[in-house]
Amino acid sequence: MSQPTLVVLYGSQTGTAQDTAQRIARQAKRKCIQVQVLPLDNYNVANLIFESLVVFVCATTGQGDPPDNMKNFWMFLFKKSLPVGSLSRLDYAVLGLGDSSYPKFNFVAKKLHKRLLQLGANVLLPVGLADDQHDLGSDAVIDPWLTSFWEKVFTLYPCLADVTPLREDELSWLVSRGSLPPTYNFHFLDDLKEEPDDRLMVSKEQTIASQSHPFPARLVSNRRATERSHFQDVRHIEFDISGSGIKFGAGDVVMIRPCNAPEDIQELCQLLRLDPEVRFTLRATDTAAVPARLPQPCTVQHLIESYLDIAAVPRRSFFELLSTFATNELEREKLLEFSSAAGQNELHSYCNRPRRTALEVLADFPNTTAQIKVDYLLDLFPEIQPRSFSIASSLQTHPHKLQILVAVVQYKTKMYKIRRGLCSTWLASLDPTQGEVHVPLWVKKGSLKFPKERDTPVIMVGPGTGVAPFRAALQERISEGKTANVLFFGCRLESKDFYFRSEWEELTKAGHLILFTAFSRDQEEKVYVQHRVRENARLLWDLIANKNACFYIAGNAKQMPANVSDALKQAFQQEGGLSAEEAERMFEAMDRTGRLQSETWS
């Protein structure tokens, strides 16, 4: 049997699936196997009938949705017109990346596997279902799954097993000699004169805002929504989107890509001995395209500020590549340990549990960091990923404006420095009173869909910042004359973090809203939104069973959604006289028909 080309196709939303796909490709190269790695929407899906060996690496987003860069592939693959046996020559494996705190855990990977079987493809091994909630993260599943995958490949293609794979020391030697080239080469320019500020990559005349062409929205206001004495800083932020052509409805989300902190940019430049003002152009060494959002030429300052994700907790691949630069024996041994399957407990203790950043890792390995070649920067650091925020306003109520509610992420670990969320900290730092500020953004359809029928009631459970999409929904619905609205809101203290209190009270007085609140710390015994759901079982049963109401949950994915769901099922039993099994079936039917929807995050 002739040697096949391994094709690794990925659907990635935050970069994790892309990183895993590239890791599989590196393993293939070390085994001297020809390999091609692509995002699914960059692959000509019509060629799938000619492939012999493909690995699909797929994340699941939202409520069981495919990532943005595989949606076109997804639509094509599920066409009913595709012949049943069209993929009969294809041997494949599917590796899913998910989070078991979400109800539709690894839904995309499971559904893709079933569809490939329907089309006649031959599966090599069971679907890998990696779980981000595992103590060791996704690698706890990925490592043994990859071991099984290569065993199957070598059994299927014995000719591959005869090739001697590269050892780690050989790989390091090849990198040092330039025989394993970086994805891009930097070409530094002699002319160092200052360029205009290139952070805004699109003109205000841009008609359609998108990931490749975000709209530079002017920041109108950035005010704290919690009391100054409250431990949590939550911001109510408003943007002016006049002239953008941006339209959105209740349930949609805005995408924002943050910038790195000035002190982090300065530290990386010092560690790598880089001049932030120097300009360069990028040249691809392979078939890769130069990143579209990097200007040509580009300054080192702009590259680090807007593109390289230096403040994130690095993935295992970071240590794998870093080890190839190591000449100091002690540092090299430790980096190789962190890169190995056997060293994952050590890696998680050192890196993941304390949330150590890539920048801090470089500072911990000074001898190795001093050997890093600038050409490998884009291989070492992933691209900063955009963050999504539920839109908290309606265009009917606030024309030409877009509002969000942002909790500034800040927490302590054993690290000396407080851990901070990159995007929330950056947004909180922007002050429009000190001068005009623009934030590049674009809008995406969200997972929440609200009923068009005027008389259909909606029941919304949104504790904390989970209330944001429901504020947009209430503004939109009331502007359309839809007044059958119920909101369950929860927070810690009525006097500290009761978001949009005056708005809810006005709507209640006007008869447009029934409001139930749960202030968990205002009394000795904690009260949460699920308790209020349970207390109002009769009202909820009447609205759902007799008036066809829709039920929505938004907020933190840890315990709240499951607790609210359980409270709702108990209401079905208590007021509807249903058995536990019947209540479960009714709950599932609501979910299946879109009458029960959730938007949660971890």
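Residues numbered from 1 in each chain as written. Predicted model: local features only at pLDDT ≥ 70, side-chain atom pairs only at ≥ 80, totals over all residues. Heavy atoms only, no water.

**Observations regarding the overall build of the protein**
The criterion, for reference: Numbering of helices and strands runs from the N terminus; a helix is a DSSP stretch of H or I covering at least four residues, while a strand is a stretch of E covering at least two. Computation of the radius of gyration draws on C-alpha atoms alone. For the globule rule, the value is 2.2 Å times the number of residues to the power 0.38. Under the scheme applied here, a residue whose accessible area is under 20% of the maximum for its type counts as buried, over 50% as exposed, and between as partly exposed, the area being computed with a 1.4 Å probe on protein chains only. Contacts were defined at the residue level, with two residues in contact if any of their heavy atoms lie within 4.5 Å.
Scanning the protein from N- to C-terminus turns up 21 helices and 22 strands. Against the globule reference of 25 Å for 602 residues, the protein gives a C-alpha radius of gyration of 26 Å, in line with a compact fold. In terms of principal-axis extent, the alpha carbons of the protein reach across some 75 × 60 × 50 Å. Counting over 602 residues, the protein shows a buried share of 51%. Taking contacts inside the protein between residues at least 6 apart in sequence as the whole, the part at least 24 apart equals 76%.

**With respect to the environment of Ser88**
Within the element layout of this structure, Ser88 appears in the loop between helix H2 (71-77) and strand E4 (91-98). As a C-alpha pair, Ser88 and Val278 span 190 residues in sequence and 54 Å in three-dimensional space. In contact with Ser88, not counting residues within four places along its chain, are Leu119, Gly120 and Asn122.

**A look at the domain arrangement of the protein**
Just so we agree on the cut-off: For every domain, the bounds stem from an assignment made automatically or drawn from a database. Here a salt bridge means any side-chain nitrogen of Lys or Arg lying within 4 Å of a carboxyl oxygen belonging to Asp or Glu. Throughout, the ten residues Ala, Val, Leu, Ile, Met, Phe, Trp, Tyr, Cys and Pro are labelled nonpolar, Asp, Glu, Lys and Arg are labelled charged, and all others, Gly among them, are labelled polar.
Looking at the protein, the domain boundaries give domain 1 (6-166), domain 2 (215-258 + 386-444), domain 3 (262-380) and domain 4 (458-600). Taking only C-alpha atoms into account, the centre of domain 2 sits 28 Å from that of domain 3. Contact with domain 2, which involves eight residues of that partner, is made by twelve residues of domain 3. If you look at where domain 2 meets domain 3, you find one salt bridge. Arg419 is the salt-bridge partner of Glu360, the closest N and O atoms lying 2.8 Å from each other. Among the residues making up the side of domain 2 that touches domain 3, the classes are represented as three nonpolar, one polar and four charged.

**Let's talk about unusual backbone geometry**
Geometrically, the link from Gln296 to Pro297 is a cis peptide bond, its omega value of 0° lying close to zero. For Arg273, which is not glycine, the phi torsion reads 55° and is therefore positive. Its place among the elements puts Arg273 in the loop between helix H7 (262-272) and strand E11 (279-284). In the Ramachandran plot, Arg355 falls in the positive-phi region, its phi being about 60° despite a non-glycine side chain.

**Regarding the pairing of strand E3 (residues 53-59)**
The condition is simple: Only strands that DSSP links by at least two bridges are regarded as paired with each other. Throughout, right-handed denotes a crossover for which the path from the first strand over the helix to the second runs clockwise when the strands point away from the viewer.
Across the seven residues of E3, seven count as buried, placing the element largely inside the fold. A two-sided burial pattern is seen for E3, the buried positions comprising Leu53, Val55, Val57 and Ala59 on one face and Val54, Phe56 and Cys58 on the other. Pairing analysis gives five bridges linking strand E1 (residues 6-11) to E3, with the strands arranged parallel. In the sheet register, Gly11 faces E3, and the bridge partner there is Cys58. Both E3 and E4 contribute to a ladder of seven bridges, which runs parallel. Within E4, the residue paired with Cys58 across the bridge is Gly96. Read from E3 through H2 to E4, the crossover connection turns out right-handed.

**Topic: the sheet that holds E11**
Read across the sheet, three strands follow the order E7-E11-E12 without closing on themselves; strand pairing throughout is antiparallel. A strand with exactly one partner marks an edge of an open sheet, and here the two such strands are strand E7 (184-188) and strand E12 (298-299). The pairing of E11 with E12 spans two bridges and is classified as antiparallel. The partner of Arg279 across the bridge, within E12, is Thr299.

**What about the nonpolar core?**
Formally: Among the buried residues, those of types Ala, Val, Leu, Ile, Met, Phe, Trp, Tyr and Cys that are joined through side-chain atoms within 4.5 Å form a nonpolar core.
Leu303, Leu308, Phe318, Phe319, Leu377, Leu378 and Phe381 are the most contacted members of the largest nonpolar core, which totals 40 residues. Residues within four places of Leu308 in sequence aside, it is in contact with Asn260, Leu303, Leu377, Leu378, Phe381, Pro382 and Ile384. In this structure, Val254, Trp426, Val439 and Val443 belong to the second largest nonpolar core, which totals 29 residues.

**What to know about the pattern of salt bridges**
Side chains carrying opposite charge are able to pair once their charged atoms draw close together. A full pass over the atoms with the stated rule returns 25 salt bridges. When the shortest N-O distance is used, the salt bridge between Asp143 and Arg23 registers 2.4 Å. Taken together, the residues Asp143 in helix H4 (residues 139-156) and Arg23 in helix H1 (residues 16-30) connect sequence positions 120 residues apart. For the pair formed by Asp143 and Arg23, the shared burial category is buried. Notably, a salt bridge pairs Lys445 with Asp252, separated by 3.4 Å at the nearest N-O pair. A residue pair is termed long-range when its members are at least 10 positions apart, and Lys445 in the loop between strand E17 (438-444) and strand E18 (458-461) and Asp252 in the loop between strand E9 (234-240) and strand E10 (253-256) qualify at 193 residues. Looking at Lys445, the relative accessible area reads 64%, which means it is exposed.

**Some words on the environment of Thr465**
Within the secondary structure layout, Thr465 lies in the loop between E18 and helix H16 (468-479). For the pair Thr465 and His438, spaced 27 residues apart in the sequence, the C-alpha separation amounts to 24 Å. The residues touching Thr465, leaving out its near neighbours within four places in the chain, are Val234, Leu405, Ala407, Tyr499 and Trp601.

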